[in-house]
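# A closer look at the structure
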Number of protein chains: 2
Amino acid sequence: MSSSPSESISLPPLNLPQGPEDKFREFLEIRGEKLTAPRRTLIAHIFAHHKHFDADELVSDLQTSGQRVSRATVYRTLRLLVEAGILRELRLTNRTVYEHDYGYPSHDHMHCTECGTILEFTNEEIRQLRERMASLHGFRASGHRFIITGKCGKCLRARSPRRRLDLI
Amino acid sequence: MSSSPSESISLPPLNLPQGPEDKFREFLEIRGEKLTAPRRTLIAHIFAHHKHFDADELVSDLQTSGQRVSRATVYRTLRLLVEAGILRELRLTNRTVYEHDYGYPSHDHMHCTECGTILEFTNEEIRQLRERMASLHGFRASGHRFIITGKCGKCLRARSPRRRLDLI
DNA sequence: ATTGATGCAAAGGCTTTGCATTGCT
DNA sequence: AGCAATGCAAAGCCTTTGCATCAAT
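Owing to the predicted nature of the structure, the values given are computational and were not obtained by experimental measurement. (Residues numbered from 1 in each chain as written. Chains lettered and ligands numbered in written order. Predicted model: local features only at pLDDT ≥ 70, side-chain atom pairs only at ≥ 80, totals over all residues. Heavy atoms only, no water.)

Let us now look at the pairing of strand S6 (residues 140–151) of chain A. Across four bridges, strand S4 (residues 108–112) of chain A lies against S6(A) in parallel orientation. Along S6(A), the bridge assignment pairs A:His109 with A:Ile147. Pairing geometry for S6(A) and strand S6 (residues 140–151) of chain B, over 11 bridges, is antiparallel. Each bridged residue has a counterpart across the sheet, and for A:His144 the counterpart in S6(B) is B:Ile148. (Pairing = 2+ DSSP bridges. Helix = DSSP H or I, 4+ residues; strand = E, 2+ residues; numbered from the N terminus.)

This is the structure in structure tokens:
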């Protein structure tokens, strides 16, 4: 068996100079806003796991774990966390998911159109390419999205099962 | 004055072995479906201009030009055109736009977060990188999205106007 | 006290769908 | 005739917003 996970493959975290909550507090303070209880609940929850999630999953996960934050607040807070550079928003074909940004190495994604798995990978060339292309066109890049779509190994194997007997 | 256009910069079209309508007819025939009058209206309209557009623009552009196709049919047809590989769907931050795919060279995008301009560019390395990354992770790539976000030259100039007098 | 945050429910976009009607082949 | 497409209006998602209430400084 390979060790390939099924939902989202993580990269090793960076060493955090400060936790995401601190970072959020700082962000809010600058804008004269507050790190309230619901917001802390959310950030704690989000950083307890490393996975891609959408707003709805967040709401129901919270409910499951006994906590509760209103849907409106979840949406409002997600937006803030993205603005703060703590979460990154990823618009996939069917849904919008979020992932950790702060304290996590920059990376790109492969998205399996079959099972929905999101795989993360890093490659330095992409950023270089982006800078090169941007300056070539008078652009100043602030970010990029590079998403490879296709089928993951698991789905490829499932679809064309290449039975053992054929190999005899 | 530079020659930079404002809405979407086009690449030179490829030589079409068959027109987009033929391609669509072929696609539909295989599925036992029909190239009807509304569908022809749509495809003619879409390929009359080369620009990025969203569903709503398409509806109103049609109305302006006296033609009329119901919103439902527009949505249904757009979906078919994407399935047929004739249009490509691009999910930007705020809206979903479509662009010509069939008969048009493959390319990537820069998206100005300031004015919304979409700029197209080609670069061979991206595809190679994509294949390399995919096989490295047991993936079979079927496509990719590479969107560089930032500010276009025009907006950069507008923001920091660097007045002529300063240069004297 | 004052300012912002929360929760609720309502409102909004955008997109899809059920269904009766129309139109091809 | 028979099957699929259209148009309309209604329904569905997901997300945002108005507003009264609550909380924290």
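Scanning all chains against the criterion turns up seven aromatic pairs over all chains. A centroid spacing of 6.3 Å and a plane angle of 15 degrees characterise the contact between B:Phe24 and B:Phe27, whose relative ring orientation is stacked. Pair noted here: B:Phe24 and B:Phe27 are both in helix H1 (residues 20–30), with a separation of three residues, about one helical turn. For the pair shown, B:Phe24 and B:Phe27 are each scored as buried. Ring-pair connections join several aromatic residues into one group, and the members of that group are A:Phe121, A:Phe146, B:Phe121 and B:Phe146. (Phe/Tyr/Trp six-rings, centres within 6.5 Å; stacked < 30°, edge-to-face > 60°. Buried < 20%, exposed > 50% of the residue type's maximum accessible area, 1.4 Å probe, protein only.)

Among the 17 residues in the neighbourhood of DNA strand C, the closest are listed as A:Thr36, A:Arg68, A:Arg76, B:Tyr75 and B:Arg79. The sugar-phosphate share of atoms of DNA strand C within 4 Å of the protein amounts to 64%. Contact between DNA strand C and A:Ser70: a phosphate oxygen at 3.0 Å from a side-chain N or O atom of the residue. At a separation of 2.9 Å, a phosphate oxygen of DNA strand C approaches a polar side-chain atom of B:Arg79. (Near = heavy atom within 4 Å. Polar contact = N/O pair within 3.5 Å; in protein donor to acceptor, adjacent residues only side chain to side chain.)

A separate point is the pattern of salt bridges. By the definition in use, this model includes 26 salt bridges over all chains. Between A:Glu57 and A:Arg95 there is a salt bridge, and its shortest N-O distance comes to 3.3 Å. Pair noted here: A:Glu57 is in helix H3 (residues 55–64) and A:Arg95 is in the loop between strand S2 (87–91) and strand S3 (96–100), with a separation of 38 residues, a long-range link. With a relative accessible area of 25%, A:Glu57 lands in the partly exposed category. A salt bridge links B:Arg71 to B:Asp56, with the nearest nitrogen and oxygen atoms 3.0 Å apart. Placement of the pair is B:Arg71 in helix H4 (residues 71–83) and B:Asp56 in helix H3 (residues 55–64), with a sequence separation of 15 residues. You can call B:Arg71 partly exposed: its relative accessible area is 39%. For B:Asp56, a relative accessible area of 42% translates into the label partly exposed. A single salt-bridge network, built from bridges that share partners, covers A:Glu21, A:Asp22, A:Arg25 and A:Arg40. (Salt bridge = Lys/Arg side-chain N within 4 Å of Asp/Glu carboxyl O.)

Superposition record for chain A on chain B: RMSD 0.1 Å, screw rotation 179 degrees, translation along axis 0.1 Å. Here the symmetry operator amounts to a two-fold rotation axis. Considering only C-alpha atoms, the part of chain A nearest the rotation axis is A:Phe146, at 2.2 Å. (Least-squares fit on C-alpha atoms with pLDDT ≥ 70 in both.)

Right, let's talk about the domain arrangement of chain A for a bit. Residue and element names in this part refer to chain A. Segmentation of chain A into domains returns domain 1 (10–104) and domain 2 (106–168). Centre-to-centre separation of domain 1 and domain 2, based on C-alpha positions: 25 Å. Between domain 1 and domain 2, the residue contacts involve 11 residues of the former and 10 residues of the latter. Carbon and sulfur atoms supply 57% of the area buried between domain 1 and domain 2, which totals about 1000 Å² over both sides. In terms of surface lost to domain 2, no three residues of domain 1 exceed Leu11, Arg88 and Leu92, which account for 45% of the buried area on that side. Scanning the region where domain 1 abuts domain 2 turns up zero salt bridges. The interface formed by domain 1 and domain 2 contains seven residue pairs in polar contact (both at pLDDT 80 or more). At the level of secondary structure, the elements contributing two or more residues to the side of domain 1 that touches domain 2 comprise S2 and S3. Considering each element in turn, the side of domain 1 that touches domain 2 owes the most residues, three residues, to S2. (Domains from an automatic or database assignment. Contact = heavy atoms within 4.5 Å. Buried area = accessible area lost by both parts, 1.4 Å probe.)

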